[in-house]
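# Architecture at a glance
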Amino acid sequence: MTAKNQKAPDTVKTLIRPRNPLQIFFAFLLVIGLPTMLYCYYYNYSPFPSKKVAGVPNNHLVQLKNPMDLSSLLLDFGSQLKFNTVAESMTVYFDYYQKGEIKEHKIVASLTTEPRSDYNGYLNIGITKSDSLLFVDLFSNGSSSNTMTDLSKFHYTSLGEDSLSPTGASTSIPNNELNIEKKQEIPLLYIAKGGDVKLYAEMKNNLSEENLKSVENVYYVYLIVE
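Nothing here was measured: the structure is a model prediction, and the numbers come from that model.

### Considerations on the overall build of the protein
The helix and strand tally for the protein stands at four helices and nine strands. Counting from the amino terminus, the protein carries its helices and strands in the arrangement α-β-α-β-β-β-β-β-β-β-α-α-β. When burial is assessed residue by residue, the protein has 36% of its 226 residues classed as buried. Approximately 14300 Å² of the protein is accessible, and the part contributed by carbon and sulfur atoms is 55%.

Shown next, in the form of structure tokens:
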């Protein structure tokens, strides 16, 4: 076959159609908008109107990250938390142990409703440097409960005043967020001073009979939601 008898190959034409604005809009919703809306819904952010505390999932307790500010100069220890849950009560307890023997067990803040209702609010805890006062402030939906407890009555001395006494403390919640389990202790603040101080990651080990007996003084604050 000669060259003049050969046929040129057919040209393939590609037709580019303009995208429909609705297609672009729905693609945006699927890729960006939907995950964002789900995130906002889970953490109770706008645009979903609610009385719940923003940034906190339902039935969760979240610990705020405390920046280095004036409070660090005024407090030995401090913790700020916020929560959203449904319950009949929220109660904060303070326990004091001396060489393994419990010497004080008291309620330092409590809110109760009947029947069960929404609890959306804040919980602030701290120990002042100047006068060794444990303050607890529990607030939810316009109701509040707060107390001041003089820890000097329980042999507590400020960190600056008793630098030679071994001290261990835990004021953090794992990952700064936890799911609230009803009728279970939620540790908020644990301080061990004097004696053979050891600090464990698991609170049950800190509160074991063997460990408590090895420490001169233990101050324990915890929350129970029912």
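From this point, the discussion proceeds with the structure in view.
### Observations concerning the environment of glutamate 101
As for its placement among the helices and strands, glutamate 101 is situated in strand β3 (residues 101–128). Accessibility expressed as a relative area gives 46% for glutamate 101, which makes it partly exposed. Glutamate 101 sits 108 residues away from glutamate 209 along the chain, and the two C-alpha atoms are 9.0 Å apart.

### Re the nonpolar core
Core analysis: the largest hydrophobic core is formed by 33 residues, its most contacted members being Leu61, Val92, Phe94, Leu123, Leu134, Leu188 and Leu223. At the level of elements, β2 (75–98), β3, β4 (133–140), β8 (186–195) and β9 (215–225) are the ones that each hand at least two residues to this core. Looking at which element gives the most residues to this core, the answer is β2, with eight residues. Non-local contacts of valine 92, meaning those with residues more than four positions away in its chain, are made with Lys106, Ile107, Val108, Ala109, Leu123, Val136, Leu188, Val221, Tyr222 and Leu223. Counting 11 residues, the second-largest nonpolar core is a separate cluster that includes Met203, Val215, Val218 and Ile224.

### Considering the environment of aspartate 95
Here aspartate 95 is to be found in strand β2. When the C-alpha atoms of aspartate 95 and lysine 106 are compared, they prove to be 6.7 Å apart, with 11 residues separating the residues in sequence. For aspartate 95, the side chain forms a polar contact with the side chain of tyrosine 222, separated by 3.1 Å.

About the thresholds
- Residues numbered from 1 in each chain as written.
- Predicted model: local features only at pLDDT ≥ 70, side-chain atom pairs only at ≥ 80, totals over all residues.
- Heavy atoms only, no water.
- Helix = DSSP H or I, 4+ residues; strand = E, 2+ residues; numbered from the N terminus.
- Buried < 20%, exposed > 50% of the residue type's maximum accessible area, 1.4 Å probe, protein only.
- Areas by Shrake-Rupley, 256 points an atom, 1.4 Å probe, with all protein chains shown as cover.
- Core = buried A, V, L, I, M, F, W, Y, C linked by side-chain atoms within 4.5 Å.
- Contact = heavy atoms within 4.5 Å.
- Polar contact = N/O pair within 3.5 Å; in protein donor to acceptor, adjacent residues only side chain to side chain.

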